[in-house]
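Overview (structure and organization)
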Amino acid sequence: MTKKIDTDSSRFELLTRLGDNVLIMGHRLSEWSGDAPTLEEDMALSNIALDLIGQARLWLTAAVMEEGAGRTEDDLAYQRDVRDWHNLHLVELPNGDFGRTMLRQYFFDAYHLLLLEGLSKGCDREISGIAAKSLKEVRYHLRHSSGWVVRLGDGTQESHNRMVNALEICTPCVPELFEVDEVYRSLEARDLVPAMNDLQAQWERQVHAVLSEATLSMPEITNPMSGGRVGLHSEHLGYLLAEMQFLQRAYPGATW
Amino acid sequence: MVSTAGENTRLRVLEALDSVYDPEIQTVSIRDLGIVRAVDVCDEGGNIQVQVMITPTYSGCPAMRVIEQDIHEALGRAGIDQVAVEQVLYPPWTTDWITDRGRRHLLASGIAPPACRACEAGPMESGISCPRCGSDQTRVLSGFGATACKALWRCDSCLEPFDYFKPH
């Protein structure tokens, strides 16, 4: 594949990571369409999925423009195999029950909002523009997911137990959110991305407050996940891609 | 926006754009919704070229492509064929750009317009007036409605559910 001569590979990597996170998160949420516990939740989860998939298009379009190799955003979405995806483990976790979906969403939304706030203040106009656009949508997402975490955690014994179980499953994915590699460090140095230390401290403070209100607490993390940003994934992502990419793999270039 | 066109040509273009409605809210024009950000008209001896900048309401708004087609068709009907439609993202769309006429048209179609400016929107607002009976005895059913830009509310006076256009 020929790239343009001056492709900024760190910037391309950042755009791909941002796009991959929201596309996989959006696809996971879309699995609830027609299957959520109530009609209102069905619409809410589908709306949030739509926002995220729309954001994914913006990021991945910017990524292929940076790459300049003639690929489209759809090529990135439908033609890449699992090792070429650079999303976090958290977003590929299966939905589980509604409580687990909401806790996963809350962890992601709280992180996503802080990240977008930082990106929107960065010095790259395209990145800050997409971030500012996404940020407004993500405020609604966070309001929704944090509300449910409190309602379910501080709900019935059954809903509380399910949230405790959800915490056991989701928290191993938390340390990865704040991992910093060479790519991120170089972007930090260029003022393109927020300082990860600050972001982590804010996330932990906010999540602690919401979990307290929900009568929940973070379990100790003994088996942290790692490596999503460089293409190391759980077995779940392959199944997700098999479904998401099936049509374009079976009928390349199909449109309707 | 620099325009070298005669004022009449420009009015013709704007009038044509006023006939383009949001595909999902068919009573409000894209200009009244604040989707049209800039219109550049160049008229050199009757050779008219138009550039229209539009911005999506929400990132995943599925209506953008239809709106683009509708703009081409509306200007085509006005006899203008050299049209470029471009999407801009920044500054991000806000409900503060909805015109007074847009708000009236929303209300007339049973959609409560945003109750405050986007920057003042706190956690779920209260006291949204019912677009059908005007009562303030309303409550939110869901923060997410039939389209990305709306929430679902219900009136406790007339008992009808209604859409609320979220401050954004």
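What this report covers is the structure whose coordinates are included nearby. None of these values were measured; they are calculated from a predicted model. (Residues numbered from 1 in each chain as written. Chains lettered and ligands numbered in written order. Predicted model: local features only at pLDDT ≥ 70, side-chain atom pairs only at ≥ 80, totals over all residues. Heavy atoms only, no water.)

**What to know about the sheet that holds strand β5 (residues 82-87) of chain B**
All names here are of chain B. The strand order across the open sheet formed by three strands is β3-β4-β5, and the pairing between neighbours is mixed. Where the open sheet ends on each side, the last strands, each with one partner, are β3 (36-44) and β5. Recorded for the sheet is a direction-independent mean angle of 10° between the axes of neighbouring strands. Direction of pairing for strand β4 (residues 47-54) relative to β5: parallel, over a ladder of six bridges. Bridge pairing links glutamine 51 to alanine 84 in β5. (Pairing = 2+ DSSP bridges. Helix = DSSP H or I, 4+ residues; strand = E, 2+ residues; numbered from the N terminus. Axes fitted to C-alpha atoms, helices over the stretch in contact; angles between N-to-C directions.)

**Side note on a nonpolar patch on the surface**
Residues and elements named next belong to chain A. Side chains of Phe246, Leu247, Tyr251 and Trp256 sit close together on the surface and give an oily, nonpolar patch of about 590 Å² of accessible area. Inspection of the secondary structure puts tryptophan 256 in the segment after α11 (235-250). Here tryptophan 256 falls in the exposed class, since its relative accessible area comes to 86%. (Patch = residues over 30% accessible without salt bridge, like charges linked within 9 Å, V, L, I, M, F, W, Y side chains within 5 Å. Areas by Shrake-Rupley, 256 points an atom, 1.4 Å probe, with all protein chains shown as cover. Salt bridge = Lys/Arg side-chain N within 4 Å of Asp/Glu carboxyl O. Buried < 20%, exposed > 50% of the residue type's maximum accessible area, 1.4 Å probe, protein only.)

**Comments concerning the layout of surface pockets**
In this structure, the largest pocket spans a volume of roughly 1600 Å³. Ile53, Arg57, Glu73 and Asp74 of chain A together with Arg65 of chain B are, among the 46 residues lining the largest pocket, the residues nearest its centre. If you list the elements that add at least two residues to the lining of the largest pocket, you get α1 (9-30), α2 (39-67), α3 (73-79), α6 (125-153) and α11 of chain A together with α2 (64-77) and β5 of chain B. Considering every element that reaches the lining of the largest pocket, the biggest residue donor is α2 of chain A, with 12 residues. (1 Å grid on protein atoms, 1.4 Å probe; cavity = no way out; pocket = protein on both sides within 12 Å on 5 of 7 lines; lining within 4 Å. Points joined across faces, edges and corners; volume = space filled by probe spheres on them.)

**Remarks on the side chain of histidine 168 of chain B**
Among the secondary structure elements, histidine 168 of chain B is positioned in the segment after β9 (161-165). Engagement of the side chain of histidine 168 of chain B in a polar contact is seen with the side chain of tyrosine 58 of chain B, the distance being 3.1 Å. Residues contacting histidine 168 of chain B, with those up to four places away along its chain left out, are Lys136, Glu137 and Tyr140 of chain A together with Thr57, Tyr58, Trp93, Thr94, Thr95 and Ala118 of chain B. (Polar contact = N/O pair within 3.5 Å; in protein donor to acceptor, adjacent residues only side chain to side chain. Contact = heavy atoms within 4.5 Å.)

**Some remarks on the sheet that holds strand β7 (residues 138-142) of chain B**
Paired through backbone hydrogen bonds, the strands of a sheet run either parallel or antiparallel to each other. Residues and elements named next belong to chain B. Taken in spatial order, the four strands make up an open sheet running β6-β9-β8-β7, and their pairing is mixed. Strand pairing shows two members of the sheet lacking a second neighbour, β6 (111-112) and β7, which therefore form its edges. Here β6 pairs with β9 via two bridges, running parallel. Looking at β9, one finds that alanine 112 is bridged to tyrosine 164.

**Regarding the environment of glutamate 168 of chain A**
With respect to the helices and strands, the residue glutamate 168 of chain A is situated in helix α7 (residues 157-170). Glutamate 168 of chain A sits 76 residues away from methionine 244 of chain A along the chain, and the two C-alpha atoms are 27 Å apart.

**Some thoughts on the pattern of salt bridges**
Under the defined criterion, the tally for this structure stands at 20 salt bridges over all chains. The closest approach of N and O atoms between aspartate 18 of chain B and arginine 31 of chain B, which form a salt bridge, is 3.2 Å. Residue aspartate 18 of chain B is found in helix α1 (residues 7-18), and its partner arginine 31 of chain B is found in the loop between β2 (25-29) and β3; the two are separated by 13 residues along the sequence. Among the charged side chains, a salt-bridge network with shared partners connects Arg11, Glu66, Asp124 and Glu126 of chain A.

**Description of α2 of chain B**
Residues and elements named next belong to chain B. Taking 1.5 Å per residue, 14 residues should reach 20 Å; α2 reaches 20 Å between its end C-alpha atoms and fits that length. Burial in α2 covers these residues: Met64, Ile67, Ile71, Ala74 and Leu75. Summarising the axial view, the buried residues of α2 lie within an arc of 90°, below the 170-degree limit, and thus occupy one face. Exposed side of α2, more than 90 degrees from the buried face: Arg65 and Arg77 are the residues found there. (Expected span 1.5 Å × (residues − 1). Arc of directions from axis to C-beta.)

**Some details on the interface of chain B and chain A**
In many analyses, interface size is given as the accessible surface area lost on bringing the parts together. Contact with chain B, which involves 26 residues of that partner, is made by 21 residues of chain A. Interface area for chain B against chain A, summed over the two sides, is near 2000 Å², with a carbon-plus-sulfur share of 61%. Broken down residue by residue, the surface that chain B buries against chain A is led by Ser59, Leu89 and Phe144 of chain B, which jointly contribute 35%. Between chain B and chain A we count zero salt bridges in total. Taken together, the connections running from chain B to chain A amount to eight residue pairs in polar contact (both at pLDDT 80 or more). A per-class count over the side of chain B that touches chain A returns 14 nonpolar, nine polar and three charged. (Buried area = accessible area lost by both parts, 1.4 Å probe. Nonpolar A, V, L, I, M, F, W, Y, C, P; charged D, E, K, R; others polar.)

**Considerations on α1 of chain B**
Residues and elements named next belong to chain B. Counted at 1.5 Å a residue, the expected span for α1 with its 12 residues is 16 Å, and the 16 Å between its end C-alpha atoms agrees. When α1 is considered as a whole, its buried residues turn out to be Thr9, Arg10, Val13, Leu14, Ala16 and Leu17. Across the axial projection of α1, the buried residues extend over an arc of 160°, all falling on one side. Residues of α1 that are exposed and point over 90 degrees away from its buried face: Glu7, Asn8 and Glu15. Each element contacted by the buried residues of α1 is listed here: β3, β4 and α2.

**A word on the pairing of strand β8 (residues 150-155) of chain B**
Residues and elements named next belong to chain B. Of all the six residues making up β8, five are buried; the element is thus mostly covered by neighbouring parts of the structure. Of the pairings in the sheet, the one linking β7 to β8 comprises four bridges and is antiparallel in character. Looking across to β8, one finds that threonine 138 is bridged to cysteine 155. The pairing of β8 with β9 spans five bridges and is antiparallel. Paired with arginine 154 across the bridge in β9 is proline 161. Here β8 folds back onto β9, and the loop between the two strands holds five residues, one of which, leucine 159, carries a positive phi near 70°.

**Observations concerning the packing of aromatic side chains**
Two aromatic rings, taken as a pair, are described by how far apart their centres are and by the angle between their planes. All names here are of chain A. Scanning the entire structure with this criterion turns up 10 aromatic pairs over all chains. Plain terms: the ring middles of tyrosine 106 and phenylalanine 107 are 6.4 Å apart, the flat faces sit at 45° to each other, and that makes the pair tilted. Residue classification places tyrosine 106 among the buried residues on the basis of a relative accessible area of 2%. The exposure class assigned to phenylalanine 107 is buried, which follows from its relative accessible area of 0%. The structure contains a cluster of three or more aromatic residues connected by ring pairs, namely Tyr106, Phe107, Tyr111, Phe178 and Trp203. (Phe/Tyr/Trp six-rings, centres within 6.5 Å; stacked < 30°, edge-to-face > 60°.)

What is shown is where atoms sit, not what they do.
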